[in-house]
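So you can see what is in the structure, the chains are spelled out below.
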Amino acid sequence: MKNEKPSYLKLFLTFAKLGAVTFGGGYAMLPILQREVVENNGWCTEEDLLDYFAVGQCTPGIIAVNTATFIGTRTRGIMGGIIATLGLVFPSIVIISIIYHILAAFESNIYVQMALSGIQVCVAALITYSVIKLAKKSIVDIFTLVLALAVLALMIAFGISPIIFVIAGIVFGIAVQAVMNKAGKNKEEKK
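Below is a summary of the structure that appears in this document. Everything numeric here is computed off the predicted structure, so don't read it as measured data.

Scanning the protein chain from terminus to terminus reveals seven helices and zero strands. The C-alpha extent of the protein chain, read off along each of the three principal axes, is 75 × 45 × 25 Å. Long-range contacts, defined here as pairs at least 24 residues apart, represent 61% of the contacts in the protein chain between residues at least 6 apart. Of the roughly 12300 Å² that the protein chain leaves accessible, carbon and sulfur atoms contribute 71%.

The structure is reproduced here in structure tokens:
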């Protein structure tokens, strides 16, 4: 990870670029965010980005905005968080204002409906890619595999709030680590 602080302008422009080219919300943004923030600029690690996304799901607001705020704050303090957030939402405000006027005039047009359907398919593919990449980093042993499968099954079956799963993940992670630490100490004492 690079230790240099980005300028406020670079921070704004990086997140404005992300905001301008990302369709489908926070999850669809993850591959682009990872490339720009982790690989190209080194402002955080992949693990940090996963943590920001996890916390961003539990905090009020939009995941992408929360993540931009976390990264901006990490790189340049509170003002950096504000600038990164403004950079992320600025293109959306402009684009949505323009699109609203266009769609209002053409919302029943079959080509507009087909274009929106095409965008939805691309967003689904981006989200799938992100999930696979996140799973490779996050599922590292039998305990995390069991947790991931349990969360997936419960989400499909019951549609439980993600906040509950994040809290359960925290409790599960602490419990597993405590058991592993205790087992390690018992093993050392027997030697």
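Following the structure, the description resumes.
A separate point is the pattern of salt bridges. Taken as a whole and judged by the stated rule, the model has five salt bridges. Notably, a salt bridge pairs Glu46 with Lys137, separated by 3.3 Å at the nearest N-O pair. Residue Glu46 is located in helix α3 (residues 46-58), and its partner Lys137 is located in helix α5 (residues 110-138); the two are separated by 91 residues in the primary sequence. Between Glu47 and Lys137 there is a salt bridge, with its nearest N and O atoms 3.8 Å apart. Of this pair, Glu47 sits in helix α3 while Lys137 sits in helix α5; the two residues are 90 residues apart in sequence, bridging distant segments of the chain. Three or more residues are tied together by salt bridges with common partners; here these are Lys17, Arg35 and Glu36.

Moving on, we get to the packing of α3 against helix α4 (residues 63-106). Following both chains from N to C, one finds α3 and α4 inclined at 130 degrees, their axes separated by 8 Å at the closest point. Considering their axes alone, α3 and α4 lie oblique with respect to each other. When you trace α3 past α4, the crossing you get is right-handed. Contact residues: α3 offers Asp48, Leu49, Tyr52, Phe53, Val55, Gly56 and Gln57, while α4 offers Ile63, Asn66, Thr67, Phe70, Ile71 and Arg74. In terms of residue class, the contact of α3 with α4 is built from seven nonpolar, four polar and two charged.

Quick notes on the rules
The residue count restarts for each chain, going from 1 along the sequence in the order it is written. Reporting in this predicted model follows two pLDDT cut-offs: at least 70 for local features of residues, and 80 or more for side-chain atom pairs to be given and counted; totals over whole chains, interfaces and linings ignore these cut-offs and use all residues. The side-chain figures draw on all heavy atoms in the structure; neither hydrogens nor water molecules are used. Runs of H or I in DSSP of at least four residues are treated as helices and runs of E of at least two as strands, each being numbered from the N terminus. Contact definition: two residues touch when any of their heavy atoms are within 4.5 Å. Per-residue and other accessible areas were derived by the Shrake-Rupley procedure at a 1.4 Å probe size, with only the shown protein chains allowed to occlude residues. The rule for a salt bridge is simple: a side-chain nitrogen of Lys or Arg has to be within 4 Å of a carboxyl oxygen of Asp or Glu. Each axis is a line fitted through C-alpha atoms, taken for helices only over the stretch in contact, and angles between the N-to-C directions span 0 to 180 degrees. Angle categories: roughly parallel below 35 degrees, roughly antiparallel above 145, roughly perpendicular from 65 to 115, and oblique for all the rest. Left-handed describes a crossing whose near helix is turned anticlockwise from the far helix through less than a right angle; right-handed describes the clockwise counterpart. Gly is put with the polar residues, along with every residue not named as nonpolar or charged; the nonpolar set is Ala, Val, Leu, Ile, Met, Phe, Trp, Tyr, Cys and Pro, and the charged set is Asp, Glu, Lys and Arg.

All we've got here are geometric facts, nothing functional implied.
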